[in-house]
Each structure stands twice: as structure tokens, then as C-alpha cells.
Amino acid sequence: MTSTHTINRKPILVTGGSGFIGSNFILHILSKYPDYEIVNLDKLTYAAAQDFNEQAGQFPQYTFLQGSIENQELVNFIFAEYNIRGVIHFAAESHVDNSISNPGVFVQTNIVGTSTLLNAAVTHWMDGPGRVKLGYEECRFHHISTDEVYGALGETGKFSEESKYAPNSPYSASKASSDLLVRSFNRTYGLNVVITNCSNNYGPRQHDEKLIPTIIRSALQLKPIPIYGNGCNVRDWLHVQDHAEAIDLVYHRGTNGETYNVGSDNEWNNLNLALEICTILDELATEQLREAGLTNYSELIQFVNDRPGHDWRYAIDTTKINKELSWKAGTPFRTGLRQTIEWYREMYQPKQIVRV
Ligand SMILES: NC(=O)c1ccc[n+]([C@@H]2O[C@H](COP(=O)([O-])OP(=O)(O)OC[C@H]3O[C@@H](n4cnc5c(N)ncnc54)[C@H](O)[C@@H]3O)[C@@H](O)[C@H]2O)c1
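What you are looking at is a predicted structure, and each value in this text was computed from that prediction instead of being measured. (Residues numbered from 1 in each chain as written. Predicted model: local features only at pLDDT ≥ 70, side-chain atom pairs only at ≥ 80, totals over all residues. Heavy atoms only, no water.)

K.L.:
Describe the overall build of the protein, and please don't skip the residues or the numbers.
P.N.:
Helix and strand counts for the protein stand at 12 helices and 15 strands. Each principal axis of the C-alpha atoms in the protein carries an extent, and together these give about 70 × 60 × 40 Å. In the protein, which comprises 356 residues, the proportion classed as buried is 54%. In the protein, once contacts between residues fewer than 6 apart in sequence are set aside, the share between residues at least 24 apart is 82%. (Helix = DSSP H or I, 4+ residues; strand = E, 2+ residues; numbered from the N terminus. Buried < 20%, exposed > 50% of the residue type's maximum accessible area, 1.4 Å probe, protein only. Contact = heavy atoms within 4.5 Å.)

Shown next, in the form of C-alpha cells:
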């Protein structure tokens, strides 16, 4: 464990802060709030961005702790040692395909891990049900969740905060369970909580296994670009920086006990998304395309067997966050996608050997 703990700052525990969304959020918060101390508790599973600590470590108010949210003793110790005043909880097993092959780890991390954090928050911030400790009135637990808890939509309609929970995969069922635990700690103990349920994120530092990095990597490596089923499943793509700003807003100004859906009004089916990425790559990596004897990267697209229980469509009604907190996603999709592709191109490029 390394610690750069300092007093007189507002210590916030961010869990899973070395993952895709958590890492982008931490950079956002460190740059914007120099008086916050950010303690990142991350187990550093395969999904973590292993080099992120180097980047975040440049901020003196950042501390990294490697460990698991399932370890109650460790979590209690962190709350006491750093006098934690807020939690923003990203840590999770997050890949639907993995939840189909190994659901047990999703139950452990996403459900047991969340209850461990909630227990610690109640212990450290409250004297009993409905009784917040003196000086801890501002402490808040922000749970990051997914629109997948609502199940799947048909051709029309959108998920609102009132939509019924109907998770279809072990991943979404574990996230739905964790949402309900968070809600119950609010209703039973009076713990100050907010929940955000967001749509699919894209942007830098997303793990290779997810759809957009897979499309970009396969194309750049001139390998088949795998698309599930007939490519017609629809997702609402949200730029991770827009998401970070929404979390910032809900954490600071959201109403205690409430849920906010976060989306981008940006629906794409998987095939059209792959075609869009290929079109951008056609412009950016023309030379490689020519050398490979291809006319377009889209020639690499290949349909593969569908994922079992693959949800047909997700779409988010953002009226609540828009009206109550004046939030709206601001990144134009083509701009965000192009920047994302450039980031991955840089990452996948063979590194130059510098001779001295
Ligand atoms: N990526 C998306 O599109 C998306 C969409 C909706 C909701 N979400 C939710 O947002 C959150 C973050 O997603 P992400 O895409 O950044 O995930 P990710 O898989 O990229 O990162 C998860 C992070 O959690 C850490 N972690 C896993 N188990 C842990 C444990 N037991 N203790 C401590 N750390 C642990 C991992 O090391 C990793 O750094 C998750 O809760 C996810 O359910 C993600």
C-alpha cells in the first residue's frame, strides 16, 4: 500500500478507479477539485488500466490502494484511516460475456462487494438508523450502475427511472441486486445515496474485450471484425467524459435517495456502428488499407453466433437529469468516436525502437 494521505482535504473513496470509467472520472475530478483527496481502491483485475496510476500519481491529492471491495476489514480500515467523506463506487465485473461463462465472480464482486462498502459507510457515518454522526451530514454514497438492469426494449420506447427492473444476464442481475441493496440502505438506515444508471460508454482506456475497442483493434490488425447475430442490436453510446460530468453533477447536486438515468440520445445498431468506425479508419489509415489490398475496412466485418439472451435494444430517457440538473451529453458522436479511434491507433501502433 502507498499513501500520500494529507489532512484538511475532503477524502473521497473511488472504487474501481483504475477501470475504464473510473479512470476517466478520476482525471476529471482531480483536475477540477484540487481540494479533494481521491483514494482509489482497485483490485487491479485483468480489466484495469495497469499504467493509470502513473498518470494519476502526478496529482499530489491522489492515493492508490490495491485491494478488494469484498474485504470488509480492509474497507473499514480505509474509511477510518482516511476519514472517508464520500464514496463513488465503480468497481465491478462488467463484461456480459464473462458473466455467462462465470457468473459466480459477478455475484461476489458486484453484490457482496457493494454490501461491504455500504456496511462500512453506515458504520463510519451513522450512529444508528436515521441518525447521522455529527460532522458527517454531507457524506454521500454514489453507486454507478447500468441501464441493463431494465432489461431490453423493442423497436420503440425508452428506459426511465420508473421502468421496471428486468435484468436478463447474470451481469445485469448482479448490478440490479446491488442497486436494490443501495436503495435499501437509504430506506432502512437513512444512508445518503444516489444511483446513476447509464448507457454504453465509449472513449479512451476501455478494455480490449468491449465492442468498440474490438472493432478498432480487429480492423487495424486486418483481422475479421466480429459482429454478433445480424448486427441489429441497438445501444445508446455515451462518451465517457460526458458521463464523468454527469456523475460529478449527481454526486454534488442530486437528491438523496434518487436514481438518475444517464444517456446520450445516440442510438446505433452494432452493424452501423462498425460501418461508421470503418469509414473513419478508411480516412485515417488509408496507407495500411492500400497495402493490405482492401478498398474499405468494412470488408473485414464478419457475423458471428449471437450472445445467449442478447438484449435487443437499450435507450435512455434523460428527462429527469436534464430537467433537475440541467445535464445533457455534449460530445458529438463523430468527434468522440474519431478521438477514441485515434487513441486506440496510438495504443495499438507497434512502438518505435529508439537507437542511441
Ligand atoms: N462500460 C460501460 O459501458 C458501462 C455502462 C453502464 C454501467 N457501467 C458500470 O460502470 C462501472 C465501471 O465500469 P467500467 O466499464 O469502468 O468497468 P471496468 O471493467 O473497465 O473496470 C472495473 C474496475 O473495477 C476493478 N475491480 C473489479 N473487481 C474489484 C474488486 N473486487 N475490488 C476492487 N476493484 C475491483 C477492476 O480492477 C477494474 O479496474 C461498473 O460498475 C459498470 O457496471 C459501465
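K.L.:
Summarise unusual backbone geometry; cite the residues concerned and give the values.
P.N.:
With the exception of glycine, the majority of residues adopt a negative phi angle, and the majority of peptide bonds are in the trans configuration. The residue Leu222 is not glycine, and still its phi comes out positive at about 55°. Here Leu222 lies in the loop between helix H7 (211–220) and strand S10 (225–228). Accessibility expressed as a relative area gives 35% for Leu222, which makes it partly exposed. Its identity is not glycine, yet Asp265 carries a phi of approximately 50°, on the positive side. Structurally, Asp265 is set in the loop between strand S13 (259–262) and strand S14 (267–269).

K.L.:
Before we move on, could you go through the nonpolar core and cite the residues and values that matter?
P.N.:
Formed by 28 residues in total, the largest nonpolar core has its most connected members in Leu13, Ile78, Phe79, Ile84, Trp125, Phe141 and Leu191. Among the elements of the structure, strand S2 (36–42), helix H3 (72–82), helix H5 (103–125), helix H6 (170–189) and strand S8 (193–198) are those that each provide at least two residues to this core. In this view, Trp125 contacts Phe79, Ile84, Arg85, Gly86, Val87, Val132, Lys133, Tyr136, Cys139, Arg140, Phe141 and Leu191; residues no more than four positions away in its chain are not counted. Core analysis: the second largest hydrophobic core is formed by 26 residues, Cys278, Leu300, Ile341 and Tyr344 among them. (Core = buried A, V, L, I, M, F, W, Y, C linked by side-chain atoms within 4.5 Å.)

K.L.:
Give me the site of the ligand: which residues, what numbers.
P.N.:
Ile21, Asp42, Ser94, Tyr171 and Lys175 are the nearest of the 29 residues found near the ligand. Taking Asp42, its side chain carries an N or O atom lying 2.6 Å from an oxygen atom of the ligand. The contact in question runs from an oxygen atom of the ligand to an N or O atom on the backbone of Leu44, over 3.4 Å. For the ligand, whose free accessible area comes to 840 Å², the fraction covered by protein is 97%. Of all the secondary-structure elements, those providing two or more residues to the shell around the ligand are helix H1 (20–32), strand S7 (140–146) and H6. The element best represented in the shell around the ligand is S7, accounting for three residues. For the shell around the ligand, a count of residues per class yields 12 nonpolar, 13 polar and four charged. (Near = heavy atom within 4 Å. Polar contact = N/O pair within 3.5 Å; in protein donor to acceptor, adjacent residues only side chain to side chain. Areas by Shrake-Rupley, 256 points an atom, 1.4 Å probe, with all protein chains shown as cover. Nonpolar A, V, L, I, M, F, W, Y, C, P; charged D, E, K, R; others polar.)

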